[in-house]
Amino acid sequence: MVAKAALAVLLLIAGVAAGFRPPPVSEDTLEKVAGSLEMYVDMLPQMPKVFGYSIKYGRPTPVHLTIGMYQKKWKFHRDLPATTVFVFGTSAETATFPGPTIEALQGVPLRVTWENHLPRQHILPWDPTVPTAIPKSGGVPTVVHLHGGVHPPQSDGHANAWFTAGFRETGATWTTPTYAYPNAQSPGGVLWYHDHALGLTRANLLAGLLGAYVIRNPAVEQPLGLPGGDEFDRVLVLADRSFLADGSLYMNRTGDVPRAHPQWQPEYFGEAVTVNGKAWPFLPVARRRYRFRVINASNARFFNLSLSNGLPFHVVGSDTSYLPRPVAVTHLLVAVAETFDVVVDFAASATTEAELVNTAPYPYPDGDAPNHLNGKVMKFIVEPTVKTPDESRVPERLPEYAVKVVAEEEPAAKKRYIVLYEYDDPASGNPTHLYINGKRLEDPATETPRPGTTEVWEVINLTPDNHPLHLHLAAFQAVRAVELVNQDEFKQCMTRLNDAAKCDVGRHAVGEAVAVPEHERTWKNVVKIAPGYMTTVVVKFMMVDTGRAYPFDATAEPGYVYHCHILDHEDNAMIRPLKLIK
């Protein structure tokens, strides 16, 4: 426990102490600022690329990159003053929001030294009363996780492997400044890198510490005929943000239950939607096919995307895997941290403009409907009449994996019950914290799979929110979701016993069965866990593209983690260790 005097000092540093706090900012004020910004006046940026390989004598060879984290100013909109952000780049001058897209090749390993050049104090408020990385001598703790990457534990960006500027202070599980990424996994979809520091993930990502990472294999992908090249194969990083009139990022300084947590709130939702660091940008497009790799990098917002002219998304992949075959959908629900790889054919557009819109309630699924601001994402300006020559296509089949995509539960080495809890303040009814299986990150690991095995996780959601479940390292797939009947009775039993078997979950998981959408039936690293349901997830601790063992010791320290990827939930404290054993 933090002593009262020490806590008072930390609250001042965090910007949430009573004497430090400015007057609260109303939602109306934030909406007014966002509403003053004209939509579709900034062109969608193409983020700079950093190549994770070099070509010598006609062959790709490994390289060693150095990428830093910097404080700088960033223009989110033509009419908004420049915003102070934390961003990634190979230098302060070239750092961007989001960071540069790292392009790697399958089979060509990459080493990255991540450097922290951030100031001694954060630009956003944070809460020392949730489990948090707190250096003794000041500084902003950071650590980088490659989301979707298959890599050794020492390079996973463990929440306690944080470090401050110049590595002056490091967390308990920090071991190395340089991370090794084998890039052994198959191409397809998109990965992304982001901060993962204990208790600060929500603030550090909100500040801008995130970027895309693409693994390619021309021999596998060129025969598919998908749209290619920088102009026609684009990453779209979606992130909602609220701003003050002076351009600064807004994050709440007062918690919903301040006597428990002075600053923490269960979800952050921004009034403006940014794509590649611009609020409501536009993109001129030719009448041809485009490939978009969509990343939802928001703290808590789900996006239910559609195009105003009715064009479908041809989904070819999700997270870091291709689907067995393309699936056409008109609406695409993207959870926090989830990614989709889609093709849009603008040759079929009956209009010269198409808005990308969002209809997902927030919090998802039973919150408020999006308004006139956060219900808009960006606009495509379609070339009026001339159809552009286009040799790309949407193939009938996509690459197959040695470990086949599953349609139902299969034999497993272990079945586990994973239960998601929310704990509420009796007086206000507002949440004070969230746990998995009633345990914290610092409690001993209970999920201890062996490399090369398959497990079935029955994930039971006893909260009102849909939780995007993310397992580090593993590939997994939700195969079904069954509604829990007599939920109050079951929840009361679970509150007492915290044991799904003793509470006879089989008697309760007999309600409506909901099929997993066809465009989510591949090996993923984020699955949606619906409230009031038990979702069956098949988990593979192996290389699913080859069926072989990991090309490194996955049992090494400090292990991995799994968590809800709503960042405010993850920070307090819906995260647990995942420790592979021999």
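Residues numbered from 1 in each chain as written. Predicted model: local features only at pLDDT ≥ 70, side-chain atom pairs only at ≥ 80, totals over all residues. Heavy atoms only, no water.

The protein has the name Plastocyanin-like domain-containing protein in an unreviewed UniProt entry, where Eragrostis curvula is given as its organism. If you open the UniProt record of the protein and go to Subcellular location (unreviewed entry), you find "Endoplasmic reticulum membrane". Looking at the Sequence similarities (unreviewed entry) heading of the UniProt record, one finds this comment for the protein: "Belongs to the multicopper oxidase family." (UniProt positions renumbered as here; feature names shortened; annotations may be inferred.)

Under the domain assignment used here, the protein contains domain 1 (41–217), domain 2 (233–382) and domain 3 (414–578). Here the C-alpha centre of domain 3 lies 25 Å away from the C-alpha centre of domain 2. Of the residues lining the interface, 34 residues belong to domain 2; the matching set on domain 3 comes to 29 residues. Here domain 2 meets domain 3 over a buried area of about 2,500 Å², counting both sides, of which 55% is carbon and sulfur. Of all residues in domain 2, V257, W264 and D319 give up the largest surface area on contact with domain 3, accounting jointly for 20% of the area buried on that side. Taken together, domain 2 and domain 3 are joined by four salt bridges. Measuring nitrogen to oxygen at the nearest pair gives 2.9 Å for the salt bridge that ties K524 to D319. Taken together, the connections running from domain 2 to domain 3 amount to 17 residue pairs in polar contact (both at pLDDT 80 or more). (Domains from an automatic or database assignment. Contact = heavy atoms within 4.5 Å. Buried area = accessible area lost by both parts, 1.4 Å probe. Salt bridge = Lys/Arg side-chain N within 4 Å of Asp/Glu carboxyl O. Polar contact = N/O pair within 3.5 Å; in protein donor to acceptor, adjacent residues only side chain to side chain.)

We now examine the sheet that holds strand β6 (residues 99–105). Taking strand neighbours across the sheet as the criterion, the five strands line up as β1-β6-β11-β10-β8 in an open arrangement whose pairing is mixed. Of all the strands in the sheet, just β1 (49–51) and β8 (144–147) have a single pairing partner and so form its edges. Neighbour-to-neighbour, the strand axes of this sheet turn through a mean angle of 25°, independent of strand direction. (Pairing = 2+ DSSP bridges. Helix = DSSP H or I, 4+ residues; strand = E, 2+ residues; numbered from the N terminus. Axes fitted to C-alpha atoms, helices over the stretch in contact; angles between N-to-C directions.)

Another point: helix α5 (residues 487–497). Along α5, the residues that are buried comprise F490, C493 and M494. Seen from one end, α5 has its buried residues packed into an arc of 100°, which puts them on one side. Across α5 from its buried face, at more than 90 degrees, point the exposed residues D488, Q492, T495 and R496. Note on α5: the residue one or two positions beyond its end, N498, has a positive phi of about 50°. (Buried < 20%, exposed > 50% of the residue type's maximum accessible area, 1.4 Å probe, protein only. Arc of directions from axis to C-beta.)

Now for the sheet that holds strand β33 (residues 575–578). As summarised here, the arrangement of the four strands in space is β30-β27-β32-β33, forming an open sheet in which the pairing is antiparallel. Looking at which strands have only one partner, the edges of the open sheet turn out to be β30 (526–529) and β33. Averaged over all neighbouring strand pairs, the angle between strand axes comes to 25°, with direction disregarded. Pairing analysis gives four bridges linking strand β27 (residues 467–471) to β30, with the strands arranged antiparallel. Each residue of the ladder has a partner; that of H467, found in β30, is I529.

A few words on the environment of A354. Looking at the element boundaries, A354 is found in strand β22 (residues 353–358). Note on A354: relative accessible area 0%, which makes it buried. Here the alpha-carbon distance between A354 and M494, two residues 140 residues apart in the chain, equals 48 Å. When residues no more than four places from it in sequence are discounted, the contact partners of A354 are L307, S308, N309, M378, K379 and F380.

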